[in-house]
Number of protein chains: 2
Amino acid sequence: MEILNQLKTDQNGLIPAIIQDDENKEVLMVGYMNREAVRKTLESGRVCFWSRSRQEYWIKGETSGHTQTVRTVTFDCDGDALLIKVEQKGGACHTGYRSCFFREVSPDGNSTHIVGDKVFDPDAVY
Amino acid sequence: MEILNQLKTDQNGLIPAIIQDDENKEVLMVGYMNREAVRKTLESGRVCFWSRSRQEYWIKGETSGHTQTVRTVTFDCDGDALLIKVEQKGGACHTGYRSCFFREVSPDGNSTHIVGDKVFDPDAVY
């Protein structure tokens, strides 16, 4: 895959992948991929990350059923970030929210409030 | 700022910040911030990154006039990524495109094509 040569990974061999809902354009999450995870994602059409905490490949939705089916893959001018638009089943966040970005910061930076939609009960899924 | 204590930075003291157009929800770019850049961003209402290549603070649009005015700041479940919705003047990408994510990868991973909108001539701006 020619694209793999155009991507610049960090000192750990990883590149951040922003996952965006292709329907409503909501940013759902950020995960990390190594080159092999990018290859798996393109080949399978399912988003596959490299889990930094577990040090293993992680096909999104494999446990929860909340899969991410790839619609388009783009990368940025520097080649050091991916933007993947997906069809998201259920919620992207393990806490039950549709998006991992469910906390908004107040303008003074001293408090937060919930802006996301809770779409499932994590205790029932994991 | 209480929020600064809730953010997890990487081994270089940085956290990725996804910049999204608040109007049309286009993902414009990814930059990196240290805690002080997050503070500057919240205090000024203008997006301020830490430039990894130049090792200095970088107020987006200072040279080009293509400023990013902060609308909302959210952060993810793990506290290790920011999503900042902005009002973008001009184009976010130094190449002249509206978004840095202007190249789409073909499904076989072997070629790319341009999907972004070119909104300015970089030679005339920088």
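Numbering of residues starts from 1 in each chain and follows the order in which that chain's sequence is written. Each chain takes a letter, starting from A, and each ligand takes a number, starting from 1, following the order in which they are written. Totals for whole chains, interfaces and linings use all residues, but because this is a predicted model, local features are given only for residues with pLDDT of at least 70 and pairs of side-chain atoms are given and counted only at 80 or more. Heavy atoms from the whole structure form the basis of all side-chain values; hydrogens and water molecules are not counted.

By the naming in an unreviewed UniProt entry, chain A is Histidine biosynthesis bifunctional protein HisIE, taken from Geodia barretti. The UniProt entry for chain A carries the following text under Catalytic activity (unreviewed entry): "1-(5-phospho-beta-D-ribosyl)-5'-AMP + H2O = 1-(5-phospho-beta-D-ribosyl)-5-[(5-phospho-beta-D-ribosylamino)methylideneamino]imidazole-4-carboxamide". Here chain A is described in UniProt, under the heading Pathway (unreviewed entry), as follows: "Amino-acid biosynthesis; L-histidine biosynthesis; L-histidine from 5-phospho-alpha-D-ribose 1-diphosphate: step 3/9." UniProt positions are given in the numbering used here, feature names are shortened, and annotations may be inferred rather than shown by experiment.

Visitor: How should the pattern of salt bridges be read in this particular structure?
Guide: Side chains that differ in sign of charge can pair as their charged atoms come close. All names here are of chain B. The working definition used for a salt bridge is a side-chain nitrogen of Lys or Arg within 4 Å of a carboxyl oxygen of Asp or Glu. All told, the structure shown has 16 salt bridges over all chains when counted by the stated rule. The shortest N-O distance in the salt bridge between R71 and E23 comes to 3.2 Å. Here the residue R71 occupies a position in strand β5 (residues 68-75), and E23 occupies one in the loop between β1 (15-21) and β2 (27-33), the gap between them amounting to 48 residues. Buried residues are those whose accessible area, probed at 1.4 Å on protein chains only, stays under 20% of the maximum for their type, while exposed residues exceed 50% and partly exposed ones sit between those limits. Overall, the relative accessible area of 39% leaves R71 in the partly exposed class. Accessibility expressed as a relative area gives 57% for E23, which makes it exposed. The closest approach of N and O atoms between R71 and E87, which form a salt bridge, is 3.5 Å. Numbering goes from the N terminus for both helices and strands, where a helix is a DSSP run of H or I of at least four residues and a strand is a run of E of at least two.

Visitor: Could you clarify how one ought to interpret the environment of Y97 of chain B in this entry?
Guide: Residues and elements named next belong to chain B. On the secondary structure map, Y97 appears in the loop between β6 (82-88) and β7 (103-105). In sequence terms Y97 and A124 are 27 residues apart; their C-alpha atoms lie 14 Å from each other. Only heavy atoms matter for contacts: two residues are in contact if any of them lie within 4.5 Å across the pair. Non-local contacts of Y97, meaning those with residues more than four positions away in its chain, are made with G91, A92, F102, I114, G116, D117, K118 and V119.

Visitor: What exactly am I supposed to notice about the UniProt feature "domain: Phosphoribosyl-AMP cyclohydrolase" (unreviewed entry) in chain A here?
Guide: Here the UniProt-annotated "domain: Phosphoribosyl-AMP cyclohydrolase" (unreviewed entry) positions come out as residues 29-102 of chain A. Split by type, residues 29-102 of chain A is 14% helix and 38% strand. Its first and last C-alpha atoms lie 10 Å apart.

Visitor: Would you explain the pairing of strand β5 (residues 68-75) of chain A in this entry?
Guide: Every other side chain in a regular strand lies on the same face of the sheet, so the side chains alternate between the two faces. Inspection of the sheet shows β5 of chain A paired to strand β6 (residues 82-88) of chain A by seven bridges, in the antiparallel sense. Considered in β6 of chain A, the bridge of V70 of chain A is made with V86 of chain A. Any two strands with at least two DSSP bridges between them are considered paired. Hairpin remark: β5 of chain A followed by β6 of chain A, antiparallel, with six residues in the connecting loop; positive phi at G79 of chain A, about 70°. Sheet topology note: the β5 of chain A/β7 of chain B ladder contains two bridges and is antiparallel. For T74 of chain A, the partnering residue across the bridge sits in β7 of chain B and is E104 of chain B.

Visitor: Can you help me understand the relation of the copies chain B and chain A in this one?
Guide: Relating the two copies of this chain is a rotation about some axis coupled with a shift parallel to it. In this comparison the copies share one frame, found by least squares on the C-alpha atoms of residues holding pLDDT of at least 70 in both. When chain B is brought onto chain A, the operation consists of a screw motion whose angular component is 180° and whose axial shift is 0.0 Å, with 0.0 Å RMSD remaining. What we have between these two chains is a two-fold relation. Residue K25 of chain B of chain B places its C-alpha closer to the rotation axis than any other residue of that unit, at 2.9 Å. Comparing interface residues between copies, 100% of those in chain B also sit at the interface in chain A, which points to an isologous, same-surface contact.

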